[in-house]
Amino acid sequence: MPTTVPDPDDPDIIHVAVAAIVDEVQRVLLARRPDHVHQGGLWEFPGGKCEAGESIEAALQREIHEELGIQIGDRRPLIRVPHRYTDRSVLLDVWRVDTFSGEPQGCEGQAVEWVALDALGERAFPAANLPIIRALQLPDACLITPDPGEDQEAFLAQLQRRLDDGIRLVQLRAKGLDAADYRSLAERVIAQCRLSGAKVLLNADAGLAVQLGADGIQLSSQRLQQAGARDLPAGLLLGASCHTAEELVHAHAIGADFALLSPVKPTTSHPDAPALGWEAFEQQVAVCAMPVYALGGMTPADLDDAIAHGAQGIAAIRALWKT
């Protein structure tokens, strides 16, 4: 399929500052594009073009004040989305805004509306906005479970402690189990996570995920290389484990919702694997129009660095399991 991702360093790309403004009850502010403009009539996250020589944060402050009449407060990078339409290429530099002063209104005559995070999929957006929705709906940490061992009750008890501590995305990775034992454990993990409001991805095929009511599947890098076009029922998440820029490109091409990119730092499990480092991680994520978690040597202390370098957040086994 032809790529929709342009080169973010293209001098003709339109650089846009975008705000995903989230209120205290986890609603997001949307604005409706005027009918006569590009992508008219669709809903979008508010923002506008950066002026020549203007920093992204200055553009964000200016555009949001002009469009909505508010001053933004606490904010952090969320995702950068390079996207090629048939008639133009854009780079959306998206920031999550959690505090602001003033009452938002459509200062340019546009309709504005607060929409719950889980209801964003019910609105029609420009294609370039779709990765923003996924980034907003995904948490900033992904727990990859260790091998459950022989004491599955202890495994489930530790999982519950992590859920109680706020983990909301779990990848059930249990390579040591046969198919029957994996299925049995998955049933219990899914039920447990459902009660805590967490999502579960299985390291299995889509059929099992559907049968058991999981939230999606996670492709290993080997399975990713063999995967073709996305073939999942609507509503299921597709994650991809990647180690190279080429694998990220392929993950995006088959319609993955997010990726894990590793190893960012040296790991005890693969001490001889060369680590990417933050600079290379950021470069690879910059041309990938989907959320990407940093994996490999990550601990909760790395979260701010990960976000600053373009990550959705961190993924880990030991550091998130034992914390």
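Structure: see above.
Q: Any chance you could break down the overall build of the protein chain for me, citing the residues and the numbers?
A: When helices and strands are counted, the protein chain shows 10 helices and 17 strands. Taking 20 Å as the expected radius of gyration for a compact globule of 323 residues, we find that the protein chain reaches 20 Å, a close match to that expectation. Counting only C-alpha atoms and orienting by the principal axes, one finds that the protein chain spans roughly 60 × 40 × 35 Å. Counting every position in the protein chain, which comprises 323 residues, the buried fraction comes to 50%. At a minimum sequence separation of 6, the contacts of the protein chain that also span at least 24 residues come to 61%. For the protein chain, the exposed area adds up to about 15,000 Å²; of that, 50% sits on carbon and sulfur atoms. Side-chain charges in the protein chain split into 27 positive and 45 negative, and the spacing between the mean points of these groups amounts to 4 Å.

Q: Talk me through the pattern of salt bridges; I want residue IDs and the actual numbers.
A: Counted under the stated rule, the structure contains 18 salt bridges. With a shortest N-O distance of 2.8 Å, E153 and R188 are connected by a salt bridge. Note that E153 is positioned in helix α3 (residues 152–164) and R188 in helix α4 (residues 179–196), a separation of 35 residues in sequence. Among the charged side chains, a salt-bridge network with shared partners connects E51, E54, R62, E63 and E66.

Q: With reference to specific residues and values, describe the sheet that holds strand β1 (residues 14–21).
A: Across the sheet, 4 strands lie side by side as β4-β1-β7-β6; this open sheet has mixed pairing. Edge positions in the sheet fall to β4 (47–49) and β6 (75–84), since each has one partner strand and no second. Averaged over neighbouring strand pairs, the angle between their axes works out to 20 degrees when direction is ignored. Of the pairings in the sheet, the one linking β6 to strand β7 (residues 89–97) comprises 9 bridges and is antiparallel in character. Looking across to β7, one finds that R84 is bridged to S89. Along the sheet face, helix α2 (residues 130–137) touches β1, β6 and β7 and points at about 150 degrees away from the line of β6.

Q: How would you sum up the pairing of β1? Please name residues and give values.
A: Burial analysis of β1 places 6 of its 8 residues in the buried class, the great majority of the element. Across 3 bridges, β1 lies against β4 in antiparallel orientation. Looking at the pairing, V18 lines up with G47 of β4.

Q: Got a sec to walk through the sheet that holds strand β9 (residues 112–116)? Specific residues and values, please.
A: Read across the open sheet, the 3 strands follow the order β3-β2-β9; overall the sheet is antiparallel. A single partner strand is all that each edge strand has here, and the edge strands are β3 (43–44) and β9. As paired strands, strand β2 (residues 27–32) and β3 are joined by 2 bridges and run antiparallel to one another. The residue bridging A31 from the neighbouring strand is E44, located in β3.

Q: For the environment of I79, give the residues involved together with the corresponding values.
A: The residue I79 is located in strand β6 in this model. By relative accessible area, which is 6% here, I79 ends up buried. Note: C-alpha distance between I79 and R194 (115 residues apart in sequence) is 27 Å. Beyond its immediate stretch of four places on either side in the chain, I79 contacts L92, D93, V94, P131, I132, A135, M290 and P291.

Q: How would you explain the nonpolar core if you had to name every residue and give the values?
A: By size, the foremost hydrophobic cluster in this structure holds 59 residues, and its most contacted members are Y182, V189, L202 and F281. Among the elements that make up this core, the one with the highest residue count is α4 (6 residues). Filtering out sequence-adjacent residues up to four positions away, L202 remains in contact with L172, Y182, A186, I190, L208, A209, L212, A214, G216, I217 and Q218. Of all hydrophobic cores here, the second largest spans 26 residues; its members include L30, V81, Y85 and V90.

Q: Can you tell me about the packing of aromatic side chains, naming the residues and giving the values?
A: Counted under the stated rule, the structure contains 5 aromatic pairs. Ring centres of F258 and Y293 lie 5.6 Å apart, and the angle between their planes is 80 degrees; on these two criteria the pair is classed as edge-to-face. Residue F258 is located in strand β15 (residues 258–261), and its partner Y293 is located in strand β16 (residues 292–295); the two are separated by 35 residues in the primary sequence. By relative accessible area, which is 0% here, Y293 ends up buried.

What counts, and where the lines are drawn
- Residues numbered from 1 in each chain as written.
- Predicted model: local features only at pLDDT ≥ 70, side-chain atom pairs only at ≥ 80, totals over all residues.
- Heavy atoms only, no water.
- Helix = DSSP H or I, 4+ residues; strand = E, 2+ residues; numbered from the N terminus.
- Rg over C-alpha atoms; globule rule 2.2 N^0.38 Å.
- Buried < 20%, exposed > 50% of the residue type's maximum accessible area, 1.4 Å probe, protein only.
- Contact = heavy atoms within 4.5 Å.
- Areas by Shrake-Rupley, 256 points an atom, 1.4 Å probe, with all protein chains shown as cover.
- Lys, Arg positive; Asp, Glu negative; His and termini not counted.
- Charge placed at Lys NZ, Arg CZ, Asp CG, Glu CD.
- Salt bridge = Lys/Arg side-chain N within 4 Å of Asp/Glu carboxyl O.
- Pairing = 2+ DSSP bridges.
- Axes fitted to C-alpha atoms, helices over the stretch in contact; angles between N-to-C directions.
- Core = buried A, V, L, I, M, F, W, Y, C linked by side-chain atoms within 4.5 Å.
- Phe/Tyr/Trp six-rings, centres within 6.5 Å; stacked < 30°, edge-to-face > 60°.

None of the figures reported here should be taken as evidence of function without further support.
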